[in-house]
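# Remarks on the overall topology
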Amino acid sequence: MSGVALALEVVVVFFLALFLLHRYGDFRKQHRMVLFATLLAWFLCFLIVFILPLDVSTTIYNQCKTDNQAHLVAIKTVNHDNSSNSSVFPTQRVPKICQKPWSYIPDGILPVFWRVVYWTSQFLTWLLIPFMQSYARSGGFSISGKIKTALIENAIYYGTYLLIFCSLLIYVAVTPKLHLSWSGLRTIGITAANTWGLFLLVLLLGYGLVEIPRTYWRASCHGQLLAKTYFKAAKLMTEKADAEENLEDVMEDVRTVNETIKYNHPLRKCIDTILKKCPVEYQEKMGRNMDDYEDFDDKGNPYPSKKSLVKLHKQVIYAVQRHNRTQVQWQILLDKAFHLEDVAKNESSSTHKFVHSFPSAEPPGWISKYLYTPTVEWYWECVFRRWCYRVLAVVLCVFSAAVVWSECTFFSTQPVLSLFAVFIQLAERDYNYVYIEMACFVTIFFLCYCVYSTVFRIRVFNYYYLAPHHQTDAYSLQFSGMLFCRLTPPLCLNFLGVIHMDSTISHQTRQPTAYTSIMGSMQVLSFIANGFYIYYPMLIVLLCIATYFSLGTRCLNLLGFQQFVGENDLTSDLVDEGRELIRRERRKRQRTEDGESRRREWRERYSEQRERYGGRNRSAYSELKETDGSGTDTGRAQSRRDRSDKAELLQDVEPLDFTGEEPLETDNRRSAGGHYLSTSASRARIFDDV
């Protein structure tokens with residue numbers, strides 16, 4: 001059963017990481033090595049989180065067996081020492097009955113498993129992923145050029161961490177009580193990596209513990225959520241316009257270079273590579289203006305260097321990706337704003353049926369027909385959803401308070417003040433392994449949710465930004481994988497310290513878990529094990545207070561980065577601007593929907609008339625075939641009726657607008673459908689594109 005549990009969790013974690021990568025990455029366009037490195041990093045980090053509760057339950061079972069063996073040895077020793085005494089000891093403690101957990105993992109498997117997972121993740125985060133980041137962001141046209149750029153960019157990066165490691169190494173060398181060995185060097189490296197990760201972990205955790213419950217509480221306040229959506233619309237429109245302008249400027253540079261370097265130039269292959277990264281409409285325009293009969297040295301124009309083309313290639317990749325991302329995000333934000341406005345309108349509905357402003361063109365499925373009906377949707381969107389969010393926000397607040405209290409008191413073992421340690425120890429007395437694993441999983445899952453969601457939320461200008469719907473670039477994907485690999489090991493060590501399963505921090509004589517055994521003895525650097533690891537997490541209280549009062553948001557707002565602040569003139573102006581933008585887009589989409597409905601009605605009407613006309617022709621043909629050429633007068637009458645039917649059909653049919661433009665108002669002729677005909681204008685535009 002233990003092997004089944006381990007294998008099942010590995011499969012579940014793999015598909016979870018694959019789902020997240022599919023949501024944020026693009027399997028069709030991005031490089032396979034980028035996707036593989038990101039998937040492997042996410043998979044290993046999630047795997048540590050899911051397997052660690054099994055390690056805890058297995059360690060508790062092994063501790064029980066160790067205690068029984070020690071108790072039996074003590075009894076044999078006492079009996080041997082008192083063998084000459086004929087008196088019988090009246091009371092002897094009965095050994096514990098150690099129940100094997102359902103997910104027990106045999107000895108020797110977990111240590112090897114943790115070594116493979118940990119060192120693979122460390123290799124990814126410190127060596128491979130930084131190199132792949134520079135490689136993917138490089139604008140080089142060859143593999144060797146990209147590798148050279150990546151090595152140069154990472155020289156300073158690797159040198160910085162090498163300096164930190166050498167500093168710790170010198171500290172150990174000059175300390176007389178410490179002796180250098182391979183295990184000591186390995187412990188120094190692990191300690192340095194975990195110290196850096198713990199420093200960042202507390203910052204992200206302090207933000208997530210407050211912001212996540214507040215986000216769900218604000219989601220239950222429909223008015224505030226709609227105002228924030230308007231605010232985001234105004235900011236996104238500015239970013240969208242900036243991205244379009246940046247793309248136009250970059251495409252103008254590409255057009256200039258494309259016209260300068262002709263087909264027989266040695267750098268023409270680089271231009272073709274750049275053109276492949278451009279949008280299709282720009283490729284068509286540039287290809288239309290090329291004169292391939294000109295030689296590249298006929299004109300005395302200066303030619304760009306390969307270094308400038310590499311820079312231009314990098315700019316094209318960034319500009320196109322940013323433009324596509326803002327376009328997709330704008331459409332998603334519009335749908336969200338329209339839905340929130342529909343909820344506001346349906347709240348006062350007396351029919352208790354949810355009505356959409358823009359119903360889906362696709363036919364409803366069986367879920368919409370039988371389960372999620374308009375009545376059920378109305379009760380969920382207008383009544384139950386806000387209360388579910390409020391209850392969830394309260395539960396998350398309780399969890400956050402328990403985490404803050406435990407982070408500040410987990411070093412106290414007598415008495416035990418950490419709430420999570422109390423829960424685990426109570427379950428350990430009865431050997432309720434299911435409760436132990438569930439309590440560990442819920443606790444570490446909440447910690448990971450607070451940290452990882454902050455990683456998905458933060459945005460470092462436009463260099464790091466995780467955008468859903470396949471709009472995340474390769475650099476941001478790899479940066480997130482690198483952060484996960486650096487944050488997960490110190491997060492797990494912090495969790496084990498909170499539940500008093502890490503003897504290095506709790507200073508208890510108990511069997512360590514298999515995960516802490518690969519970390520080595522942190523006592524090699526005592527000022528970190530006894531000082532930084534214990535007292536630094538207490539700063540989470542100050543970070544939670546700062547997040548509660550939105551000090552970081554207010555500072556960014558003062559520096560010129562517009563943030564959503566309640567009572568602020570700039571925020572109110574942006575909300576009003578976003579509301580007007582949403583209204584404008586609603587009117588535009590309404591006109592589009594009306595045009596589509598009119599064309600759909602016309603197509604249905606035309607198809608019915610065509611079927612009726614075809615049926616009449618078939619009946620007339622059958623009558624003529626039966627008479628076999630006789631009855632000329634009858635044939636003439638039939639032909640007159642056919643001509644009258646054709647005339648009637650031409651009068652009823654509304655003309656197609658092939659150009660998609662509005663007809664000219666200067667033409668006085670009108671069709672039966674009410675549109676002006678513009679024959680002369682359409683004839684004039686026939687050969688415009690030839």
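Residues numbered from 1 in each chain as written. Predicted model: local features only at pLDDT ≥ 70, side-chain atom pairs only at ≥ 80, totals over all residues. Heavy atoms only, no water.

The protein has the name LMBR1 domain-containing protein 2-B-like in an unreviewed UniProt entry, where Sinocyclocheilus anshuiensis is given as its organism. As recorded by UniProt, the Sequence similarities (unreviewed entry) comment attached to the protein reads in full: "Belongs to the LIMR family." Reading the Subcellular location (unreviewed entry) entry of the UniProt record for the protein gives the comment "Membrane". (UniProt positions renumbered as here; feature names shortened; annotations may be inferred.)

### Some thoughts on the nonpolar core
Core analysis: the biggest nonpolar cluster contains 89 residues, and Trp42, Trp114, Leu209, Ile499 and Tyr515 have the highest contact counts within it. Looking at this core, the element that brings in the most residues is helix α2 (residues 32–81), giving 19 residues. With near-sequence residues (within four places) excluded, Ile499 lies in contact with Val56, Phe420, Ala421, Ile424 and Cys440. Residues Leu247, Val257, Cys270 and Ala319 belong to the second largest nonpolar core, which totals 19 residues. (Core = buried A, V, L, I, M, F, W, Y, C linked by side-chain atoms within 4.5 Å. Buried < 20%, exposed > 50% of the residue type's maximum accessible area, 1.4 Å probe, protein only. Helix = DSSP H or I, 4+ residues; strand = E, 2+ residues; numbered from the N terminus. Contact = heavy atoms within 4.5 Å.)

### Quick look at the pattern of salt bridges
Scanning the entire structure with this criterion turns up 18 salt bridges. One salt bridge connects Arg214 with Glu211, and the closest N-O pair in it is separated by 2.8 Å. Taken together, the residues Arg214 and Glu211, both in helix α5 (residues 182–219) and 3 residues apart, mark about one turn of the helix. Given the relative accessible area of 9%, Glu211 is considered buried. One salt bridge connects Glu341 with Arg586, and the closest N-O pair in it is separated by 2.7 Å. Of the two residues, Glu341 sits in helix α9 (residues 306–346) while Arg586 sits in helix α20 (residues 569–627), which places them 245 residues apart along the sequence. An identical accessibility class is assigned to Glu341 and Arg586; each is buried. If you follow the salt bridges from partner to partner, you end up with Glu252, Arg255 and Glu259 in one network. (Salt bridge = Lys/Arg side-chain N within 4 Å of Asp/Glu carboxyl O.)

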